[in-house]
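The lines below spell out each chain.
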Amino acid sequence: IDCSEVVFDSSKTASNENITVKITVPDNTYRWELSEKVNGGDYQVVNSYIGSENQNIEFTTEGTYQLRAVVYDEYGNSCESVSDEYAIDKTAPELSVVLKKKNSSSDLNSSSNISNLSDYSNNTWYSGYVVLRGSCSDNTGDCTVSYKVTGASTNTDGFVNGTTRNINAQGTSTVQYVATDEAGNTTTKSFTIKLDRTKPTISYNIGGGIYPNSSLKICATARDNETIKSIEMQPWKNGKRITLLTESDNQVCYTLSGYGKYTIYTKVWDGASNIQSTTPQNSN
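Fair warning: this is a prediction, and the values are worked out from it, not measured in the lab.

**Describing the overall build of the protein**
- When helices and strands are counted, the protein shows zero helices and 25 strands.
- Whereas a compact globule of 284 residues would reach a radius of gyration of roughly 19 Å, the protein reaches 36 Å, over 25% beyond that.
- Principal-axis analysis of the C-alpha atoms gives the protein an extent of 125 × 30 × 30 Å.
- Burial statistics for the protein: of 284 residues in total, 37% are counted as buried.
- Considering only contacts within the protein whose residues lie at least 6 apart along the sequence, 57% involve residues at least 24 apart.
- Entry remark: accessible area of the protein is about 15300 Å², with carbon and sulfur atoms responsible for 41%.

**Quick look at the sheet that holds strand β8 (residues 78-88)**
- Here we have five strands laid out as an open sheet, ordered β2-β8-β7-β4-β5, and mixed in their pairing. Of all strands in the sheet, those with a lone pairing partner are β2 (14-15) and β5 (44-50), marking the two edges.
- Across six bridges, strand β4 (residues 31-38) lies against β5 in antiparallel orientation. Residue pairing across strands places W32 opposite Y49, the latter belonging to β5.

**What about the packing of aromatic side chains?**
- Under the definition given, this model contains six aromatic pairs.
- Above the face of the Y72 ring, R31 is positioned so that its terminal group lies 3.8 Å from the ring centre.
- In this structure, R68 packs its charged tip against the face of Y43, placed 4.5 Å from the ring centre.

**Observations concerning the state of the cysteines**
- Per the stated rule, a full pass over the model turns up three disulfides.
- Here the disulfide map of the protein reads 1-2, 3-4, 5-6, the bonded cysteines being numbered as they appear in the sequence.

**Describing the pairing of strand β11 (residues 129-137)**
- Counting buried residues along β11, seven of its nine residues qualify, which places the element largely inside the surrounding structure.
- Alignment of strand β9 (residues 94-102) against β11, held across nine bridges, turns out to be antiparallel. Of the residues in β11, the one forming a bridge with L95 is C136.
- Bridging between β11 and strand β14 (residues 164-167) involves four bridges; their strand directions are antiparallel. Directly across from R133, in β14, lies its bridge partner T164.

**Some thoughts on the pattern of salt bridges**
- A complete count under the given rule lists one salt bridge for this structure.
- The shortest N-O distance in the salt bridge between K100 and D119 comes to 2.7 Å. Taken together, the residues span a long stretch of sequence, with K100 in strand β9 and D119 in the loop between β9 and β10 (125-126) at a distance of 19 residues.
- In this structure K100 comes out as buried when scored by relative accessible area, which is 11%.

**Side note on the pairing of strand β19 (residues 228-237)**
- Buried residues dominate β19, accounting for seven of its 10 residues.
- With two bridges joining them, β19 and strand β20 (residues 240-241) adopt antiparallel strand pairing. Looking across to β20, one finds that K237 is bridged to K240.

Conventions and cut-offs
- Residues numbered from 1 in each chain as written.
- Predicted model: local features only at pLDDT ≥ 70, side-chain atom pairs only at ≥ 80, totals over all residues.
- Heavy atoms only, no water.
- Helix = DSSP H or I, 4+ residues; strand = E, 2+ residues; numbered from the N terminus.
- Rg over C-alpha atoms; globule rule 2.2 N^0.38 Å.
- Buried < 20%, exposed > 50% of the residue type's maximum accessible area, 1.4 Å probe, protein only.
- Contact = heavy atoms within 4.5 Å.
- Areas by Shrake-Rupley, 256 points an atom, 1.4 Å probe, with all protein chains shown as cover.
- Pairing = 2+ DSSP bridges.
- Phe/Tyr/Trp six-rings, centres within 6.5 Å; stacked < 30°, edge-to-face > 60°.
- Lys NZ or Arg CZ within 6 Å of the ring centre and 35° of its normal.
- Disulfide = S-S within 2.5 Å.
- Salt bridge = Lys/Arg side-chain N within 4 Å of Asp/Glu carboxyl O.

See the structure below:
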């Protein structure tokens with residue numbers, strides 16, 4: 001009897017779903033025995049059959065499986081054939097992504113050590129650059145990590161496992177990582193990167209009556225390409241600070257009244273902690 005005619009037929013050897021294997025034996029098979037090995041253990045008899053009728057076996061639970069068929073002809077001659085290994089994995093892989101802050105735009109390649117960089121908090125404004133590193137692990141086999149970048153950074157995607165991806169563009173970028181194991185299970189994580197390295201601007205508007213009989217209202221307006229965190233104005237009169245005014249909005253105003261020389265200092269913080277301060281604005 002020829003065991004090269006024994007066929008173990010399945011559409012897949014690794015899956016996150018049930019796997020069915022069809023076993024075909026030679027036409028001159030008188031009887032045959034089917035055994036299975038689970039998770040690397042010993043072969044255990046599943047069933048014995050009379051004749052050459054094909055049989056199906058289905059694996060439904062997580063684990064690794066291997067089949068062995070021992071076939072006999074009517075004269076007692078026998079041979080055996082062993083299948084490929086089948087794996088069922090219904091558990092998603094572990095995905096780890098670290099985000100680090102960089103002060104410069106120099107690239108970090110796959111061998112660079114980024115552990116000495118400080119952590120970047122997801123979805124917060126930062127005035128530098130950000131580097132991400134994704135890696136994965138799986139309980140039964142290998143896995144791969146892919147990424148996709150959209151938004152302010154150039155749209156790109158690719159496969160990267162244990163290497164870095166730099167985000168340099170100012171504005172808001174979204175980075176999505178996907179870990180995929182051999183069975184097709186996936187784990188997804190998304191991160192929002194906000195970068196702003198541009199200082200805000202300050203402009204002044206002075207309005208009111210005609211000098212010297214009327215008060216003057218001076219307003220400082222801050223503008224930024226992303227967001228203003230706060231604006232601070234310090235009016236001084238005749239060399240002494242009058243008050244300290246702070247607004248979380250983008251404008252702060254103060255009314256100058258009474259004769260004297262006024263000096264206005266203004267400072268602005270944007271959402272990425274970029275700071276802009278003005279030269280004194282004087283009014284007599």
